[in-house]
Amino acid sequence: MGSNPRRSSKPRARAVPPARRLALEVLRSSLQHHLPLQEALDSAIARHGASLDPRDVGLATESVYGVFRYLGRLNFLLHHRLARPGSIPQGVMRILLLATYELLFLERVPAYATVNWAVDAVKAESPKLAKVANGVLRGLDRMRDEIAERDFYLDAATDRDAGMAAWYGVPQWLFTHVRKAVPELAHTVFQERLSQPPLGLRANPRSVSAGQGGASLDQLISMDGVVAHCASGVAFAAGSGPEASELGEWIREGRVSRQSLASQEALLALKPETWTGPILDCCAGRGGKTLLYMERWDEEIWASDFNARRLSGIPVECARLNLKVPPIFRADARHVPLVSRNETGRHPQTILIDAPCSGLGVMSRRPDLAWRLKPHDLANLRKMQAEILDATAALLSRGSKLLYLTCTIDPLENERTISGFLERNGRFEQLGEFRTANSDVLKERFYAASLRAVR
Ligand SMILES: C[S@@+](CC[C@H](N)C(=O)[O-])C[C@H]1O[C@@H](n2cnc3c(N)ncnc32)[C@H](O)[C@@H]1O
């Protein structure tokens, strides 16, 4: 140990550097209070406002996303090194998780710097554990080559699934579920979850400044770093694309919106150019699909969702994007009638269900999902999906379309949900089905099915 060149200098009591302080605050909200990671990050940044240096925000963002990508592996390693992991307070555990991620994955930060701030932070939280933290982190630093190998986890774990789950950084039940549900995809999606997906942008042809300043769809497609595109947007390889300041300006001016290309492709696969209005987007959320539709087509569309807070962002987005605000109303799509009071007497001709789902197709964008999801959620989601399909189908007359979309790869939420619906509802036939095609590039996977009422 004495000859280790990465050894830290003597720890002294110092304030935790701002990027780590911010990251620890976010981890606390997300790990302890179960806030979605991006929401926890956004509110921590908003709380500190202008006092934050953008470089610290960048490092904190990279670190908290990294901790969640590798959470299962980091926990496994810490449990391996700590004599009594159960006795470590949560605050100290969060410091160790962040420092272990930094030590093993952020090559630009010298190991001694990581050990220094982490030991100081532990000292402030629980002085008697400073020595333990120092020993654990130095031990992991010495083991860095060995623990970068998958075999380490397979050898050290109780069984193969536990070892694979630790390697991919996910809960064991989830690894086992996906391995059994989609054996051909399990390793690919868990491997993809460990890296950042491309940046997706949607171009707005209705923006007041459409076509000016380099943000039309054609101009976006011609830019360096584009890895895929579709009729509404583009995907840039992670780390490429427009400069942050330029992108910020395009977004403010309503020329583009952030939206994953895979989700745009899934909507386009449902042939929106053929939809007849009124269209009801009954799980509209913050309006990603409603707005994509309104930017390109003219049929009347209504947006509803169970969650009023999500819907409240749509009028603001319409102002930004130069779109007329559509009828928006809170409604539970499992209960008919779900048309708004203003729309009484009129029935939708097309219903889009962008269904609540497990999100197993978008784990690369939302690495915290794997940790937020619980085994019982899967059955609840399937029940909810079936109930929404049944209730919305009851609103549709002959010739109308029912469109179902998810961001999961689980056949139980996709193909089986649709086949179950068709068995219960002889009035409907399936027109088509879609699964993300270039998923290896986009690192996200969506499913869509279109159905039509034949009676
Ligand atoms: C996949 S998200 C929708 C994303 C949105 N369409 C977009 O493109 O931004 C699923 C949405 O379903 C909503 N939801 C969940 N259960 C619901 C229910 N019973 N009735 C209506 N909406 C529901 C959630 O609030 C969430 O906004």
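Predicted model, so just to flag it, every value in this text is computed and none were measured.

The rules behind each value
- Residues numbered from 1 in each chain as written.
- Predicted model: local features only at pLDDT ≥ 70, side-chain atom pairs only at ≥ 80, totals over all residues.
- Heavy atoms only, no water.
- UniProt positions renumbered as here; feature names shortened; annotations may be inferred.
- Polar contact = N/O pair within 3.5 Å; in protein donor to acceptor, adjacent residues only side chain to side chain.
- Helix = DSSP H or I, 4+ residues; strand = E, 2+ residues; numbered from the N terminus.
- Near = heavy atom within 4 Å.
- Areas by Shrake-Rupley, 256 points an atom, 1.4 Å probe, with all protein chains shown as cover.
- Buried < 20%, exposed > 50% of the residue type's maximum accessible area, 1.4 Å probe, protein only.
- Contact = heavy atoms within 4.5 Å.
- Patch = residues over 30% accessible without salt bridge, like charges linked within 9 Å, V, L, I, M, F, W, Y side chains within 5 Å.
- Salt bridge = Lys/Arg side-chain N within 4 Å of Asp/Glu carboxyl O.
- Lys, Arg positive; Asp, Glu negative; His and termini not counted.
- Charge placed at Lys NZ, Arg CZ, Asp CG, Glu CD.
- Phe/Tyr/Trp six-rings, centres within 6.5 Å; stacked < 30°, edge-to-face > 60°.
- Lys NZ or Arg CZ within 6 Å of the ring centre and 35° of its normal.

## Side note on the UniProt feature "binding site: S-adenosyl-L-methionine" (unreviewed entry) in the chain
1) Next: Mapped onto this numbering, the UniProt entry gives "binding site: S-adenosyl-L-methionine" (unreviewed entry) at Asp305, Asp332 and Asp354. For the residues just named, distributed over 50 residues, the greatest C-alpha separation is only 13.3 Å, placing them together at one site.
2) Next: There is a polar contact of 2.7 Å between the side chain of Asp332 and the side chain of Arg334.
3) Next: Among the secondary structure elements, Asp354 is positioned in strand E8 (residues 350–354).

## Quick look at the site of the ligand
1) Next: What surrounds the ligand is a group of 19 residues, the closest being Asp305, Arg310, Asp332, Ala333 and Asp354.
2) Next: With the chains in place, 84% of the 600 Å² that the ligand exposes on its own is no longer accessible.

## Points about the side chain of Glu295
1) Next: Relative to the helices and strands, Glu295 resides in helix H15 (residues 288–296).
2) Next: Looking at Glu295, the relative accessible area reads 2%, which means it is buried.
3) Next: Here the side chain of Glu295 touches Arg202 through a polar contact of 2.9 Å, side chain to side chain.
4) Next: Sequence-distant contacts of Glu295, defined by excluding residues within four places in its chain, comprise Arg202, Ala203, Asn204, Pro205, Arg206, Ser257, Leu321 and Leu323.

## Side note on the environment of Phe236
1) Next: Within the secondary structure, Phe236 is located in strand E3 (residues 233–236).
2) Next: Between the C-alpha atoms of Phe236 and Leu442, which are 206 residues apart in sequence, the distance is 9.3 Å.
3) Next: If we skip the residues at most four places from it in the chain, Phe236 touches Pro198, Leu199, Leu201, Leu220, Met223, Asp224, Gly225, Val226, Val227, Gly241 and Pro242.

## Some thoughts on a positive patch on the surface
1) Next: A contiguous patch of positive charge on the surface is contributed by Arg286, Arg309, Arg310, Arg366, Arg372 and Lys374.
2) Next: Of note, Arg309 is situated in helix H16 (residues 308–311).
3) Next: On the basis of relative accessibility, which here comes to 54%, the residue Arg309 falls in the exposed class.

## Considering the packing of aromatic side chains
1) Next: If you walk through the whole model with that rule in mind, you get twelve aromatic pairs.
2) Next: With a centroid separation of 5.3 Å and an interplanar angle of 20°, the aromatic rings of Tyr101 and Phe105 are classed as stacked. One end of the pair, Tyr101, and the other, Phe105, are both in helix H5 (residues 90–105), four residues apart, so they sit about a helical turn from each other.
3) Next: Judged by relative accessible area, which is 7%, Tyr101 ranks as buried.
4) Next: According to the relative accessible area criterion, Phe105 is partly exposed, its value standing at 28%.
5) Next: Put simply, the rings of Phe76, Phe152, Tyr153 and Trp167 pair up and form one aromatic cluster.
6) Next: Here the basic side chain of Arg330 rests over the ring of Phe306, its NZ or CZ set 5.3 Å away from the ring centre.

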